[in-house]
Amino acid sequence: MTRPARRRQRVPLPLLLPAGLGLLFLVLPLAGLLVRTPWTTLPRRLAQPGVLTALRLSLETATAATLLCVALGVPLAWLLARVEFPGRRLVRALVTVPLVLPPVVGGVALLLVFGRRGLLGSWLDATFGVTLPFTTAGVVLAEAFVAMPFLVIAVEGALRGADARYEEAAATLGAGRWTTFTRVTLPLVAPGVAAGAVLCWARALGEFGATITFAGNYPGRTQTMPLAVYLALETDVQAAIVLSLVLLTVSVAILAGLRDRWVGVT
Amino acid sequence: MTAPPLLDAHLVADRGAFHLDARLRIGAGEVVALLGPNGAGKTTALRALAGLHPLSAGHLTLDGVDLDRPDRRVWTPPERRPVGVVFQDYLLFPHLSALDNVAFGPRRRGADRRAARARARGWLDRVGLGGQARHKPRQLSGGQAQRVALARALAVEPTLLLLDEPLAALDARTRLDTRAELQRHLGAHPGATLLVTHDPLDALVLADRLVIVEQGRVVQEGDAATVTARPRTDYVARLVGLNLHRGHADGHAVTVGGLTLTTADTVRGDAFVAFPPAAVALHPTRPDGSPRNVWPATVTGVQRHGDNLRVQLAGPVAVAADVTPAAAAHLGLRPGQPVWAAVKAAETRAYPA
């Protein structure tokens, strides 16, 4: 290393100690997972059909939920960042409610609205014959409900940080608001949308409470990885560890890949 | 009666406590500079013309069409005005190439992709940047970015071209070249052009006519020769480097403060009297000889000014005098020192206020 010599920085102990403990606290459980993994029986356990089914369902539903969040959340973030309307602060607070709501409560609330006898659910069932609870679509809905605030907050932040005068320049060149949004605003905040989508996807992948409440726990249909882990823990701890390890590996690999390619240096 | 001007505007707008009330008329092919100190309302006027700031009263008529008439609830959004804007820091879209930046306007105004690009290529060639068509804005130098911004604004063939401090972001050397080139393009623009600047040199080189605003109001307008010869406010006088005083005239005598100045011009009533700092001579004792305007003064400051020194004087009237370093050394000038100031009647100019 030929880095120029820098004055050695002394880190005060009252900061260093809690920082080290914090790091340990985050890393130790992961290490525990690795230590207790039954490495010898791992290949056999991975080959069991239930594991791959749950993994595939998890990846598919998390991706679908992210797409739903982007489609609805980006316009919502734009509205919050660019349009002055009465009650904007209230709307912004409402958007963040799923962040603080226990996911199980979110699941119950979803049942009350989209359940067979719910406010919208009964109408959907009667009119279109569509039933959402305890289906794969229900999993997507539950994950999107919990994960959308992450996307909206990230995109709204990006929009507020972007220079709105580019939009004025676009207007003077003849672009209406929609064209300005698609041709100028969206490309300018693309890194923020990507970062928000990654956060949103990660949250959706780990979703448990709202999913099990609203969509149940049916293998192959609504049993995502977190649900499978929880179920396995009751009967076969070794299987739970293997499932956890798979979920951990896949999510870390995907997030690391996306971070380098899309989100760039932040 | 001449042809009606292409732009006929009475801009009344409010921005917080600031109030703008300015009349502007610009003919076809004419370049008008809107000149004024910071915060005078230049940028608000430009934004109002572009439709980015609403008028609270007045009107904006361009080529016979009312774009803004607040009293009749007529308002045209910016994207439907035949107006092109070169912004102060250009605001080139960072994600688009130079070519696509210039093609953006024609594309939005109905040209298909190929036609828009062809037109953009023509404009880039015209500003001498045909070779940089594929460059992103961050790969362009300041001068090149300025020319792309100009090409982008002109590519929509605007009836009214607005430029907000187009040279302010450039270094001195680039500024000189870009100013000369800008002059060429503005001369070729058939529509009306409004140039907002606080740099008198930009205004004098680029514009046919100057409109000077201070505190939201037009304080003086006219061609460069008139404005520089007969400033009407302290700001304009400083801009063109003249001492300016307002007083009461009676023939060849103008009374300013406690002093009566003799001038070559004949005026009666309220009048301005103006003279350059170089016309003020300084003497250690009261000079005698030819009929002169002579008064005792006190030196309050001395600064470099080009090859000379500019001396600020207090007394019956506050004036600036330019003296050579040799003369200053001879007089031993320093703040607080009493001197005699003298101005020849032939070097003053008096005109009605």
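Owing to the predicted nature of the structure, the values given are computational and were not obtained by experimental measurement.

1. Considerations on the overall build of chain A
When you go through chain A residue by residue, the secondary structure sums to 13 helices and zero strands. Counting only C-alpha atoms, chain A reaches 75 × 65 × 35 Å along its principal axes. A burial count over chain A gives 36% of its 266 residues as buried.

2. Details of helix α4 (residues 142–154) of chain B
Side chains that are three or four residues apart share a direction in an α-helix, a result of its 3.6 residues per turn. Residue and element names in this part refer to chain B. Compared with the 18 Å implied by 1.5 Å per residue over 13 residues, the 18 Å span of α4 between its first and last C-alpha is a close match. Where burial is concerned, most of α4 is hidden: 10 out of the 13 residues are buried. Looking only at α4, the buried set comprises Ala145, Gln146, Arg147, Val148, Ala149, Leu150, Ala151, Arg152, Ala153 and Leu154. For α4, the elements touching its buried residues are β7 (83–86), α2 (98–108), α3 (113–126), β8 (160–164) and α5 (172–188).

3. A short note on the packing of helix α3 (residues 49–82) of chain A against helix α10 (residues 177–205) of chain A
Residues and elements named next belong to chain A. Two numbers describe how α3 lies on α10: the axes approach to 9 Å, and their chain directions differ by 140°. With respect to each other, α3 and α10 are oriented oblique. Both α3 and α10 take part in a crossing whose hand is right-handed. Here α3 contributes Ser58, Ala62, Thr63, Ala65, Thr66, Cys69, Val70, Val74 and Trp78 to the contact with α10, which in turn contributes Phe181, Val193, Ala197, Cys200, Trp201, Ala204 and Leu205. Here the residues of the contact of α3 with α10 sort into 13 nonpolar, three polar and no charged.

4. Considerations on the pairing of strand β9 (residues 192–197) of chain B
Residues and elements named next belong to chain B. Counting buried residues along β9, six of its six residues qualify, which places the element largely inside the surrounding structure. Burial along β9 is two-sided: Ala192, Leu194 and Val196 facing one way and Thr193, Leu195 and Thr197 facing the other are all buried. Judged from the five bridges that link them, strand β3 (residues 31–35) and β9 form a sheet pairing that is parallel. Across the sheet, Val31 pairs through a bridge with Thr193, a residue of β9. Alignment of β8 against β9, held across five bridges, turns out to be parallel. For Leu160, the partnering residue across the bridge sits in β9 and is Ala192. Taking the sense of rotation as the criterion, the β-α-β connection linking β8, α5 and β9 turns out right-handed.

5. Some points on the domain arrangement of chain B
Residue and element names in this part refer to chain B. Per the domain assignment, the segments making up chain B are domain 1 (7–232) and domain 2 (241–352). Placing a centre on the C-alpha atoms of domain 1 and another on those of domain 2 gives a separation of 40 Å. Between domain 1 and domain 2, the residue contacts involve four residues of the former and six residues of the latter. Across the side of domain 1 that touches domain 2, the residue classes break down as two nonpolar, no polar and two charged.

6. Some thoughts on the packing of α2(B) against α4(B)
All names here are of chain B. It is at 7 Å that the axes of α2 and α4 come closest, and there the two elements cross at 25°. For the element pair α2 / α4, the angle class is roughly parallel. Read as a crossing pair, α2 and α4 show a hand that is right-handed. Where α2 abuts α4, its residues Ala98, Asn101, Val102, Phe104 and Gly105 lie against Val148, Ala151 and Arg152. Tallied by class, the residues present in the contact of α2 with α4 amount to five nonpolar, two polar and one charged.

7. Description of the interface of chain A and chain B
Facing the 14 residues of chain A at the interface are 16 residues of chain B. Secondary structure elements with two or more residues in the side of chain A that touches chain B: α9 (165–172) and α10 of chain A. For the side of chain A that touches chain B, the element with the highest residue contribution is α9(A), accounting for six residues.

8. Describing the sheet that holds strand β15 (residues 293–305) of chain B
Pairing between the strands of a sheet comes from backbone hydrogen bonds, and it takes one of two forms, parallel or antiparallel. Residues and elements named next belong to chain B. An order of β14-β18-β15-β16-β17 is seen for the five strands of this open sheet, with the pairing classed as antiparallel. The sheet is open, and its two borders are formed by β14 (280–283) and β17 (319–323), each paired with just one other strand. Taking the axes of each pair of neighbouring strands and ignoring which way they run, one obtains an average angle of 45° across the sheet. Inspection of the sheet shows strand β16 (residues 308–314) paired to β17 by five bridges, in the antiparallel sense. Following the sheet pairing, Leu313 is matched in β17 by Val319.

9. Let's talk about the nonpolar core
When a protein is soluble and globular, its nonpolar side chains tend to lie buried together. Among the nonpolar cores identified, the biggest contains 124 residues, and A:Leu151, B:Leu49 and B:Leu194 are the most heavily contacted of them. A per-element tally of this core places helix α8 (residues 136–161) of chain A first, with 17 residues. Residues contacting A:Leu151, with those up to four places away along its chain left out, are A:Cys69, A:Val70, A:Gly73, A:Gly196, A:Ala197, A:Leu199 and A:Cys200. With 26 residues, the next largest nonpolar core counts B:Ala249, B:Ala271, B:Val311 and B:Val343 among its residues.

10. Some points on the confidence of the model for chain A
Should pLDDT be low for a region, the predicted coordinates there are not to be read in detail. In the predicted model, chain A carries a mean pLDDT of 90, and 94% of its residues have values of at least 70. The lowest-confidence element of chain A is helix α13 (residues 237–263) of chain A, averaging 81 in pLDDT; the highest-confidence one is α9(A), averaging 96.

The rules we used
Residues numbered from 1 in each chain as written. Chains lettered and ligands numbered in written order. Predicted model: local features only at pLDDT ≥ 70, side-chain atom pairs only at ≥ 80, totals over all residues. Helix = DSSP H or I, 4+ residues; strand = E, 2+ residues; numbered from the N terminus. Buried ≥ 20, exposed ≤ 12 C-beta atoms within 10 Å, placed from the backbone. Expected span 1.5 Å × (residues − 1). Contact = placed C-beta atoms within 7 Å. Axes fitted to C-alpha atoms, helices over the stretch in contact; angles between N-to-C directions. Parallel < 35°, antiparallel > 145°, perpendicular 65-115°, else oblique. Left-handed = near helix turned anticlockwise from the far one by under 90°. Nonpolar A, V, L, I, M, F, W, Y, C, P; charged D, E, K, R; others polar. Pairing = 2+ DSSP bridges. Right-handed = clockwise from strand over helix to strand, strands pointing away. Domains from an automatic or database assignment. Core = buried A, V, L, I, M, F, W, Y, C linked by C-beta atoms within 7 Å. pLDDT = per-residue confidence, 0-100.

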